[in-house]
Amino acid sequence: MAQDSNGGKRDDHRPRVNPILAHLEAIATGIKWLTRKPMTLMYPDMEEKRPEYFRGFIIFNYDKCIGCSLCAQICPPRAIHMYRVPGDKRIRPGYDAGRCIHCGLCTDICPTDALDVSPVHDEVFEQIESMDFDPVEWHIISKKLVEEHAKRKRKLVITRVDEEVGLRYEPVE
Amino acid sequence: MVELAKILHVPVWALRGFLAPLVYPGLVALLGTVLFLIWAERKMAARVQQRVGPYYVSPKLRGALQLIADGTRFALQEIIVHVETDRLMFILGPILTFTFLSLPFTVLPGGPGIYGFRSDFSMVIVYALLTLSPITVILMGWASSNKFAMIGGGREALLTVSGEITLALAMLSVAAMYGTLDFVTAVEKQMHTGIIGLVSNPIAALLFFLAMLLLTDRVPFDIVLGEQEIVQGPYTEYSGVLYALTMAIDYVKLYALSIAFTLLFLGGWAPFTTPLLGAISVYVKSLIVLLFSVFLRSVYGRMRLDHAMNFFWAKLFPLGFIALALGVFVHVIYA
């Protein structure tokens, strides 16, 4: 008989289980859970509703920008750099989406609201290089993303914690 | 079947020898069953864990085409045979194993009158053909020249011995109970008396089922391909079509053994006597057995190697003799 460190028999402080009943109980539990519904959020078809000022991809309006470079100064991960654009007297911000931590400080400090936060957070880029935008590219992709997000028809849901199912998703309008 | 032979102007034995191993219960039915079974296994395990399981391959069919997509991928994949392998055995291993395992369908009846050939020793033939496959699996483990494959082959050798002795005892007690070694006669005796083998000798049924789980690496006895310990056991080095074959091996064995389980313990084609309904009855019953045995994946964890060996030799082996004794006594009903 196996001995534990206290010298007592190992079986003494273990609950006795009926081997046959325990197996039947385990299988019955499995079958019970088989009838439960999955609690997966079917993400690309269904999405959680974002709050109003959700900080996603930073969008840039070239026409409002005055080239003060405050955004580049405040940016904590240095995702924003100032570029010289041919045919433009002022320097303009460029954006490295791979470095961005979505803190939103640049949008707060921008004196003309040329920078703004958007609810877009799941844009996919195939290459690391394609995540680095110069000012003109940033302006173009911002417009594109905002338009695409407005067109998107995903079911919006709110997640609720439910004691019965675990997680429940309520549709919202 | 006899009418079909008359229409086609071929002898009945030739038609049987062609249809049984190739269509039902052989390869075509087998392919469909395996595709369904792996999908059902993944779906059930997902449901128990409140996940969704395979879905995006065909959302309307709940991901049922996932396995076909996987199969296509395997078929197009390059078969990598690395330098240190024993080339011939490495490539022949899965093919030989699969061939051995598709042989029992010549003699396993899939319904009244649906068999390749009828023999007085069909149980022995099926058992013998099924026990050929571990040899090639061990050889595959050796030929891969990989430590995981090597350990997997060793585990296969150990477990096969303990599993097959249990299976043999269960089959022997059934043979003593029905007084025959023929599947068809066994089913006819169950139909004649109206008492199925599961009721008259439940111990043998339990032993048969557990040995079936062990021999086909189902949870809780999936020790040979312990994914978290030894990547894929003896099949670690395989890729492409050969990997698909190695994956199929266990399911083929499971399918054959669950048909045998249906015939011996669940009364085979019990309520029906016509070939079509009888075949459907056998198929549905064995499908239920199959689904139950893959469902156990979501309930149990893996048993340790020594625990499994201890369980089979110290607990089930003596129980096998009790089953044999019970079978001898119960023989009175079926005599």
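Structure report, in brief.

The rules we used
Residues numbered from 1 in each chain as written. Chains lettered and ligands numbered in written order. Predicted model: local features only at pLDDT ≥ 70, side-chain atom pairs only at ≥ 80, totals over all residues. Heavy atoms only, no water. Helix = DSSP H or I, 4+ residues; strand = E, 2+ residues; numbered from the N terminus. Rg over C-alpha atoms; globule rule 2.2 N^0.38 Å. Buried < 20%, exposed > 50% of the residue type's maximum accessible area, 1.4 Å probe, protein only. Contact = heavy atoms within 4.5 Å. Buried area = accessible area lost by both parts, 1.4 Å probe. Salt bridge = Lys/Arg side-chain N within 4 Å of Asp/Glu carboxyl O. Polar contact = N/O pair within 3.5 Å; in protein donor to acceptor, adjacent residues only side chain to side chain. Nonpolar A, V, L, I, M, F, W, Y, C, P; charged D, E, K, R; others polar. 1 Å grid on protein atoms, 1.4 Å probe; cavity = no way out; pocket = protein on both sides within 12 Å on 5 of 7 lines; lining within 4 Å. Points joined across faces, edges and corners; volume = space filled by probe spheres on them.

**Quick notes on the overall build of chain A**
Phase 1 of the analysis: Helix and strand content of chain A: four helices and eight strands.
Phase 2 of the analysis: Counting helices and strands in the order they occur from the N terminus, chain A gives α-β-β-α-β-β-α-β-β-α-β-β.
Phase 3 of the analysis: Taken over C-alpha atoms, the radius of gyration comes to 27 Å for chain A, far larger than the 16 Å a tight globule of 173 residues would show.
Phase 4 of the analysis: In terms of overall dimensions, chain A has C-alpha extents of about 85 × 45 × 30 Å along its principal axes.
Phase 5 of the analysis: Taken over 173 residues, chain A has a buried fraction of 28%.
Phase 6 of the analysis: Across chain A, contacts joining residues at least 24 apart in sequence account for 66% of those joining residues at least 6 apart.

**Overview of the interface of chain A and chain B**
Phase 1 of the analysis: If you look at the interface, chain A gives 16 residues, while chain B gives 13 residues.
Phase 2 of the analysis: Interface area for chain A against chain B, summed over the two sides, is near 1400 Å², with a carbon-plus-sulfur share of 65%.
Phase 3 of the analysis: Linking chain A to chain B there are zero salt bridges.
Phase 4 of the analysis: Joining chain A to chain B, the criterion identifies four residue pairs in polar contact (both at pLDDT 80 or more).
Phase 5 of the analysis: Tallied by class, residues from the side of chain A that touches chain B come to ten nonpolar, three polar and three charged.

**Section: the layout of surface pockets**
If you roll a probe as big as a water molecule over the atoms, it shows you where there is empty space left.
Phase 1 of the analysis: Of the pockets and cavities examined, the largest pocket occupies roughly 1200 Å³.
Phase 2 of the analysis: Lining the largest pocket we find 30 residues, and of these A:His23, B:Leu206, B:Leu210, B:Tyr300 and B:Phe311 sit closest to its centre.
Phase 3 of the analysis: Looking at the lining of the largest pocket, the elements that each hand over two or more residues are helix H1 (19–34) of chain A together with helix H11 (202–215), helix H13 (275–295) and helix H14 (305–334) of chain B.
Phase 4 of the analysis: Residues that form the lining of the largest pocket fall into these classes: 24 nonpolar, four polar and two charged.
Phase 5 of the analysis: For the second largest pocket, the calculated volume is near 950 Å³.
Phase 6 of the analysis: Looking at the lining of the second largest pocket, the elements that each hand over two or more residues are helix H3 (27–48), helix H4 (66–76) and helix H12 (241–265) of chain B.

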